Amino acid sequence: MAKKDKYFGGIISDPGSTLKYKTYVWRDGIKPVWDKEKCKNCMKCFINCPDNAIKVDKNGNMAGHKYDYCKGCGICAQVCPFNAITMRKE
Amino acid sequence: MQQALTGNEAMALAMKQSNPDVVTGFPITPVSDILQIFSKYISDGKSDAEFVPAESEHSVASICFGASAAGARAFTCSASQGLELMHEILHIISGTRLPVVVASSSRALSGPINVHGDHSDFMGMRGTSWIQLFSENAQESYDNFIQAVKIAETAMLPAIVSSDGFFTSHNLERVETLGDKNVSDFVGVYSPKYNILNTNKPITIGPLSLPDSFMEIKKSQSEAMIESKKIISKVAQKFKSISGREYNWFKEYKLQGAEIAIVVMGSTAESAIPVVDVLRKKGIKAGILSLRVFRPFPADELMAALKNLNSIAVLDRSDAFSGQGGPLFEEVKSSLYRLNKKPKIINRTFGLGGREIDEEMIGRVFEELQKLVKGKKIDEFGYMGLKI
Amino acid sequence: MDLHELAKQKPKFESGHRLCAGCGAGIVAHQTMLACENRNVVVINATGCIEVTTTVFPYTAWKVPWIHCALENAAATASGIEMAYKSLKRKGRIKKDIKFIVLAGDGGTYDIGLQSLSGMLERGHNVLYICYNNEAYMNTGYQRSGATPLHTETTTRPWGKKIHGKPVRQKNLTAIAEAHNIPYVAQAATAFDNDYIEKVRLGLAVKGPTLINVISPCRLGWGHPANMAYEISRLSVETCFWPLYEIRNGRFRITYRPKKIEPLENFLKFQKRFDHLMMPENEKDLDELKIIVEEEWNALVRRENCNRVCTRIVDTKIE
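My aim in this report is to walk through the structure given alongside it, one point at a time.

Basis of the calculations
- Residues numbered from 1 in each chain as written.
- Chains lettered and ligands numbered in written order.
- Predicted model: local features only at pLDDT ≥ 70, side-chain atom pairs only at ≥ 80, totals over all residues.
- Heavy atoms only, no water.
- Contact = heavy atoms within 4.5 Å.
- Buried area = accessible area lost by both parts, 1.4 Å probe.
- Salt bridge = Lys/Arg side-chain N within 4 Å of Asp/Glu carboxyl O.
- Polar contact = N/O pair within 3.5 Å; in protein donor to acceptor, adjacent residues only side chain to side chain.
- Nonpolar A, V, L, I, M, F, W, Y, C, P; charged D, E, K, R; others polar.
- Pairing = 2+ DSSP bridges.
- Helix = DSSP H or I, 4+ residues; strand = E, 2+ residues; numbered from the N terminus.
- Axes fitted to C-alpha atoms, helices over the stretch in contact; angles between N-to-C directions.
- Phe/Tyr/Trp six-rings, centres within 6.5 Å; stacked < 30°, edge-to-face > 60°.
- Lys NZ or Arg CZ within 6 Å of the ring centre and 35° of its normal.
- Core = buried A, V, L, I, M, F, W, Y, C linked by side-chain atoms within 4.5 Å.
- Buried < 20%, exposed > 50% of the residue type's maximum accessible area, 1.4 Å probe, protein only.
- Domains from an automatic or database assignment.
- Disulfide = S-S within 2.5 Å.

1. Here's the deal with the interface of chain B and chain C
Phase 1: Tallying the contact residues gives 43 residues for chain B and 42 residues for chain C.
Phase 2: Taken together, both faces of the contact between chain B and chain C bury some 3,200 Å²; the carbon and sulfur share is 61%.
Phase 3: Our count for the contact surface shared by chain B and chain C stands at five salt bridges.
Phase 4: Ionic pairing is found between D21 of chain B and R93 of chain C, a salt bridge with its closest N-O pair at 3.2 Å.

2. Some points on the interface of chain A and chain B
The extent of an interface is frequently quoted as the accessible surface area lost upon association of the parts.
Phase 1: Across the boundary between the two partners, chain A contributes twelve residues, which contact 18 residues of chain B.
Phase 2: Buried area between chain A and chain B, both sides added, is near 1,400 Å², and the carbon and sulfur share of it is 66%.
Phase 3: Counting every contact that joins chain A to chain B gives zero salt bridges.
Phase 4: Taken together, chain A and chain B are joined by two residue pairs in polar contact (both at pLDDT 80 or more).
Phase 5: Residue classes in the side of chain A that touches chain B are distributed as seven nonpolar, three polar and two charged.

3. Observations regarding the sheet that holds strand 14 (residues 311-316) of chain B
Residue and element names in this part refer to chain B.
Phase 1: Spatial strand order, 10-12-11-14-15: five strands in an open sheet with mixed pairing. In this open sheet, the two edge strands, each paired with only one partner strand, are strand 10 (250-253) and strand 15 (344-349). This sheet shows a mean twist of 20° between the axes of neighbouring strands, independent of strand direction.
Phase 2: Note that strand 11 (residues 260-264) and strand 12 (residues 286-291) share five bridges and pair parallel.

4. Quick notes on the packing of aromatic side chains
Each aromatic ring pair is summarised here by two numbers: the centre-to-centre distance and the angle between the ring planes.
Phase 1: Throughout the structure, instances matching the rule amount to 19 aromatic pairs over all chains.
Phase 2: Ring centres of Y7 of chain A and F57 of chain C lie 6.0 Å apart, and the angle between their planes is 25°; on these two criteria the pair is classed as stacked. Of the two residues, Y7 of chain A is situated in the segment before strand 1 (30-34) and F57 of chain C in the loop between helix 3 (49-54) and strand 2 (66-68); the pairing between them involves two chains.
Phase 3: In this structure, K71 of chain A is placed above the aromatic ring of W26 of chain A, and the distance from its NZ or CZ to the ring centre is 4.4 Å.

5. Side note on the nonpolar core
Phase 1: L197, L306 and V332 of chain B together with W62 and I130 of chain C are the most contacted members of the largest nonpolar core, which has 234 residues in total.
Phase 2: Taken domain by domain, the makeup of this core includes at least three residues from each of domain 1 (2-243) and domain 2 (250-383) of chain B.
Phase 3: What L197 of chain B contacts, discounting residues up to four positions off in sequence, is A70 of chain B together with V42, I81, Y85, I94, I98 and F100 of chain C.
Phase 4: With 23 residues, the next largest nonpolar core counts V276, L279, L315 and L372 of chain B among its residues.

6. A short note on unusual backbone geometry
Residues and elements named next belong to chain B.
Phase 1: Cis geometry is found at the peptide bond from S110 to G111, where omega equals 10°.
Phase 2: Within the fold, G111 resides in the loop between strand 5 (101-103) and helix 5 (120-123).
Phase 3: A cis amide bond links G111 with the next residue in sequence, P112, at an omega value of -5°.
Phase 4: Along the chain, P112 turns up in the loop between strand 5 and helix 5.
Phase 5: With phi around 45°, S80 is a residue other than glycine that occupies positive phi space.

7. Some points on the state of the cysteines
By definition, a disulfide links two cysteine residues through a covalent bond between their sulfur atoms.
Phase 1: Going through the model one piece at a time under the given rule, you end up with zero disulfides over all chains.
Phase 2: We note that C45 of chain A lacks a disulfide partner, and the nearest cysteine sulfur, in C42 of chain A, lies 6.3 Å from it.
Phase 3: For C45 of chain A, a relative accessible area of 10% puts it in the buried group.
Phase 4: Looking at the unpaired C69 of chain C, the closest cysteine sulfur is the one in C64 of chain B, lying at 11 Å.
Phase 5: The class for C69 of chain C is buried, based on a relative accessible area of 7%.

8. Thoughts on the pattern of salt bridges
Phase 1: Going through the model one piece at a time under the given rule, you end up with 45 salt bridges over all chains.
Phase 2: For R90 of chain C, the salt bridge identified is with E50 of chain B, shortest N-O distance 3.0 Å. Remark: E50 of chain B occurs in strand 3 (residues 50-53) and R90 of chain C occurs in helix 4 (residues 74-90); the pair is interchain, linking two chains.
Phase 3: Assessed through its relative accessible area of 11%, E50 of chain B is described here as buried.
Phase 4: We note a salt bridge from R169 of chain C to E296 of chain C, for which the minimum N-O separation is 2.7 Å. Taken together, the residues R169 of chain C in the loop between strand 4 (128-133) and helix 7 (173-178) and E296 of chain C in helix 12 (residues 283-315) connect sequence positions 127 residues apart.
Phase 5: In this structure R169 of chain C comes out as partly exposed when scored by relative accessible area, which is 40%.
Phase 6: Linked through salt bridges whose partners overlap, the residues forming this network are D21 and D48 of chain B together with K91 and R93 of chain C.

9. Regarding the pairing of strand 7 (residues 159-162) of chain B
Residue and element names in this part refer to chain B.
Phase 1: Judged by which residues are buried, strand 7 turns out to be covered on both faces: A159 and V161 on one side and I160 and S162 on the other are all buried.
Phase 2: Here strand 5 runs beside strand 7; their pairing, made up of three bridges, is parallel. Following the sheet pairing, V101 is matched in strand 7 by A159.
Phase 3: Here strand 6 (residues 131-134) pairs with strand 7 via four bridges, running parallel. By the bridge assignment for strand 7, Q132 is matched with I160.

The structure is reproduced here in structure tokens:
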């Protein structure tokens, strides 16, 4: 039987553990800023974020950015049809 | 029940009785028969495994990897070039600790291409962290396969069971087989500790391991190989209780009190028996050690069995091309190194690419050993049965 | 398709992975997992960018069962898992419905992985194969692959005095997959998220092997700014460089027709890998690429028109 061994077969049994690795440190001095007034909740930012760094509320609407993980790529700002997201200096 | 079976038929039967969930394969001489026999079992409804005719051995090994990771008992058969094509995946299977079992009958490695029996493919696997068992005949092929299933699933390491290509795979012999239920109960149901199909407890298999974790993972694997020695013994004991047949690290023939002996793997050990009988009648203390478990290598046990001999010849059915003798010779010599008083040891390479070995040739090796005992100078390395 | 409903899901692919900022492949993984909704899925990932960056021991971004074996055998590994599932389900040892998704780059699919893919498609395994296509072996340093287009710069086919980028055109993997007579094949782009997610859903729903070839911009390999993955994906479609279509049981359909086809330069100009191609002295090479793109698109349009004609004939029941 398999021993209780955290290195067993190199298998990771902690799903989603990358959440412990905060990638905000990758940001190069700029971050996205969300203007709630302009936002129409089209969710284009959400669907195009490679890092799942868009916060979503319980109704499935835009609720800001997860700044712990946002790498500052700027896709959300580029994609937004309503200019509700702008890239600003941190 | 007594049946007349070839080595291939015996292994195919053992495979069927061990209740696999997935059987896959790609034809390769000399084990294509196993695949064909198994497909017939499936077509006739005698096995309820899923059969996957893969498009290459690399995919065969990958399919075994996937199936085993999904909690299925996965078997295949291969040899020679097929095993070589699988190589990358063999390491991955053992590194991921999956109990895949491969039925094999050793064949020479190309180039040039040779489809006959020698041990080069089996020896080629020695760094792969697979449990490696070698059978002398069809009976052992049958018994070893069944035990290998249990050993692999307990140790969580993959296993290969091989024999001499054509000499054993195609040789019709009397085999004592067990009943379906006996084998079924012996191997039990495969219940792995982790399973990729467990969606309640999702796991990640095969991550990227950087220098900060790789060594620990490998150490864990190495320890499993060492632990497997206990498991191999336990399984042999249990097997004895259902079959009456005893299995160990190796077989000894008239090794007790022997002065000279040959160490060999496979059917050649049987061929050497009449030679030793004749020598013993003449008062020459000759013996045979026939190795069954090659990985994990039973160094301590081998050392204990050989320490009182004067001279030993290790017969290799493959070449390591190191200029220092064959692979079996390397391993035996190194296990004797710890002795203060070491037996004299020479290496003879024979039977490459299916070249026959006969009693006369074996007799000549024993003559050389006798000369060695008398202190004469004998070449450390050499070939037997060479035409040039 | 309601993005809000999709957004409410518990993520199956979490943050904290180490894909480059603005990575197109990250968008593929994200949208693919969202399309799974509440199905049980197992992801089989080939070696490549997504695999190495999302599962650095002991961290994993995946909240679904995920497995990686080697570069060229994701399809074979998936075949093994699917067969095990089939076997164990038949024996009553598993009760759940589980779907299998392969995520492999063009690296692990077009070239070294082609044999394994072909075997899986031919044997008819019930697996959805997604090829995230960044048109080169990006993870190992942007070397050319069988998916790299003509005259595109890669590190193993750089633009030089004698050889102008890749001297040959790419192979058509989507057509190769189709030639295996599988029930569903498609080309997609994440910029058209509706289209892509619908295709993934279909690929999962259809019984048998299904394949989606999705274009995946790579900012380092293609040489574009970090925020342009969406825009470049969109332009690849609007310029007909990467047509979106699907073939359902042999029936061909273009799933997006640009209202006005944009000039190819609009797609090329943002990418450093086409810098040389865009220079005036290399106009001849650019024309070669343009002709290929145009001819491919026209062939697809003709094919769809032909389909329509055939359908009409069938509908009017000509005896």
